[in-house]
Amino acid sequence: MVVPSTAARRVAVTGAAGSLAGDILPGLIEQGYEIVGIDRRPSSTFAGAAWETCSLDDRERLTAALAGCDAVIHLAGIPLEDDWDSLLAVNIDGTQAVLEASRSAGVRRVILASSIHAAGFVPVPEDGAVVDDDVAIRPNTFYGVSKAALEALGRLYHDRWGLEVVCVRIASRFARPLDERMLSTWLSPADAIRLFAAALGAPDVGYQVVWGVSANTRGYLSTDGGASIGYVPRDDAEVFAADVLGRATAWDRRYIGGVFCSPTPPRFEAPIDTQVGAGR
Ligand SMILES: NC(=O)c1ccc[n+]([C@@H]2O[C@H](COP(=O)([O-])OP(=O)(O)OC[C@H]3O[C@@H](n4cnc5c(N)ncnc54)[C@H](O)[C@@H]3O)[C@@H](O)[C@H]2O)c1
């Protein structure tokens, strides 16, 4: 077992029964992190140090669960477009609850799962140009607005109360790219582990927004933010190019948020248990 050299050893993870957590937790546990899993539903696969079945709106239990943690990775949420009231309650109120509980419990660092859809209406850049890590928000959905609010809440808790906050604008986290757009936006499961480990281990992050993306040959999302926290992606969607070339809509070629910019963006409809990498 490799014991992390950083101060963050005990790490609470919200949404620990979810799909992204399923990708990253084994890797973080292998690196020596003690994981406290938090989710509103139980998990049969969780192998960390402690578990709390708790909804984000149970603020008392949430704060108690964070006691003694050095950092929080906040993944719990609705991972796709949904009705406004649900997104407001879970993604916005829920993020404020996690930040407030972190502040009360004395947690030093919070890593927030943002999304490419906070800036989904940013045009796909011309050849060779990149989209900065902190490009101004241009949400393409209510979901995107909820992630923009998550970033703003992170900024507030950093500026006012000194929490260290890393917002990871996750692009397309899937086992493999599913279409042409993902040749540029793919985040591989192995790179997701590298990214969250970097966000936990980097010294003095202050407040940062970084793209969550692999080292894709056709990538157009900046890798500077990732590099500044020591994230070194190793995977490249290009190895899958032959499988997905030509699989693209006009939306995919126009905006970085692809078809989620269309008048009928994919919605959060399937039961949570059947969602795999849904929050692209
Ligand atoms: N998967 C991707 O490609 C991707 C891309 C961009 C952003 N994200 C973000 O990453 C995070 C995780 O995504 P995922 O794909 O693992 O989603 P998921 O739906 O598989 O997991 C989310 C988890 O959050 C839990 N949860 C939901 N509401 C809760 C509440 N009120 N209290 C406690 N737990 C609650 C659910 O039970 C679930 O286990 C989400 O915030 C999502 O928006 C994911």
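Residues numbered from 1 in each chain as written. Predicted model: local features only at pLDDT ≥ 70, side-chain atom pairs only at ≥ 80, totals over all residues. Heavy atoms only, no water.

A. Quick look at the overall build of the chain. Assigned secondary structure in the chain consists of nine helices and nine strands. Here the C-alpha atoms of the chain give a radius of gyration of 17 Å, agreeing with the 19 Å that 2.2 N^0.38 yields for 280 residues. Taken along the three principal axes of its C-alpha coordinates, the chain extends 50 × 40 × 40 Å. Counting only residues that meet the buried cut, the chain has 53% of its 280 residues in that class. Summed over all atoms, the accessible surface of the chain reaches about 11,800 Å², with 52% contributed by carbon and sulfur. For the chain, the distance from the average position of its 25 positive side-chain charges to the average position of its 35 negative side-chain charges is 0 Å. (Helix = DSSP H or I, 4+ residues; strand = E, 2+ residues; numbered from the N terminus. Rg over C-alpha atoms; globule rule 2.2 N^0.38 Å. Buried < 20%, exposed > 50% of the residue type's maximum accessible area, 1.4 Å probe, protein only. Areas by Shrake-Rupley, 256 points an atom, 1.4 Å probe, with all protein chains shown as cover. Lys, Arg positive; Asp, Glu negative; His and termini not counted. Charge placed at Lys NZ, Arg CZ, Asp CG, Glu CD.)

B. Structural context of the UniProt feature "domain: NAD-dependent epimerase/dehydratase" (unreviewed entry) in the chain. The residues that UniProt annotates with the feature "domain: NAD-dependent epimerase/dehydratase" (unreviewed entry) are residues 11–184. Secondary structure across residues 11–184 comprises 37% helix and 20% strand; the distance between its end C-alpha atoms is 31 Å. (UniProt positions renumbered as here; feature names shortened; annotations may be inferred.)

C. Summary view of the nonpolar core. Of all hydrophobic cores here, the largest spans 34 residues; its most connected members are I24, L25, L28, I73, L75, F196 and I229. Top element by residues in this core is helix α6 (residues 189–201). It accounts for eight residues. Those residues in contact with I24, other than ones at most four positions away along the chain, are L75, A192, I193 and F196. One finds A12, C69, A101 and V107 within the second-largest nonpolar core, a separate group that totals 27 residues. (Core = buried A, V, L, I, M, F, W, Y, C linked by side-chain atoms within 4.5 Å. Contact = heavy atoms within 4.5 Å.)

D. Quick peek at the sheet that holds strand β2 (residues 34–39). The sheet built from seven strands is open, its strands ordered β3-β2-β1-β4-β5-β6-β9 with parallel pairing. Taken across any chain shown, the strands that pair with only one partner, and hence form the sheet edges, are β3 (50–53) and β9 (207–212). Adjacent strand axes in the sheet meet at a mean angle of 20 degrees when their direction is disregarded. Note that β2 and β3 share four bridges and pair parallel. Within β3, the position partnered with I38 by the bridge is E52. Most of the contacts of helix α1 (residues 19–30) go to β2, to which it runs at about 160 degrees, and overall it touches β1 (10–14), β2, β4 (71–74) and β6 (164–170). Helix-sheet contacts for helix α2 (residues 59–66) involve β1, β2, β3 and β4, and the interaxial angle to β2 is about 170 degrees. (Pairing = 2+ DSSP bridges. Axes fitted to C-alpha atoms, helices over the stretch in contact; angles between N-to-C directions.)

E. Broad picture of the pattern of salt bridges. The final tally for this structure, using the stated rule, is 16 salt bridges. As a salt-bridge pair, R10 and E34 come within 3.1 Å of each other at their nearest N and O atoms. Within this pair, whereas R10 is found in strand β1, its partner E34 is found in strand β2, the two being separated by 24 residues in sequence. Classification of R10 by relative accessible area gives partly exposed; the value is 26%. Overall, E34 belongs to the partly exposed group, its relative accessible area being 28%. Between E151 and R169 there is a salt bridge whose closest N-O contact spans 2.7 Å. Here E151, found in helix α4 (residues 142–161), pairs with R169, found in strand β6; they are 18 residues apart in sequence, far enough to count as distant. Here E151 falls in the buried class, since its relative accessible area comes to 5%. Among the residues examined, R169 registers a relative accessible area of 2% and is labelled buried. Three or more residues are tied together by salt bridges with common partners; here these are R9, R10 and E34. (Salt bridge = Lys/Arg side-chain N within 4 Å of Asp/Glu carboxyl O.)

F. Spotlight on the pairing of β6. Burial within β6 is extensive, with seven of its seven residues counted as buried. Note that strand β5 (residues 109–115) and β6 share seven bridges and pair parallel. Counted as the bridge partner of A113 is V168 from β6. In this fold, β5 hands off to α4, which returns the chain to β6; that crossover is right-handed. Pairing analysis gives six bridges linking β6 to β9, with the strands arranged parallel. If you follow C167 over to β9, its bridge partner there is V209. (Right-handed = clockwise from strand over helix to strand, strands pointing away.)

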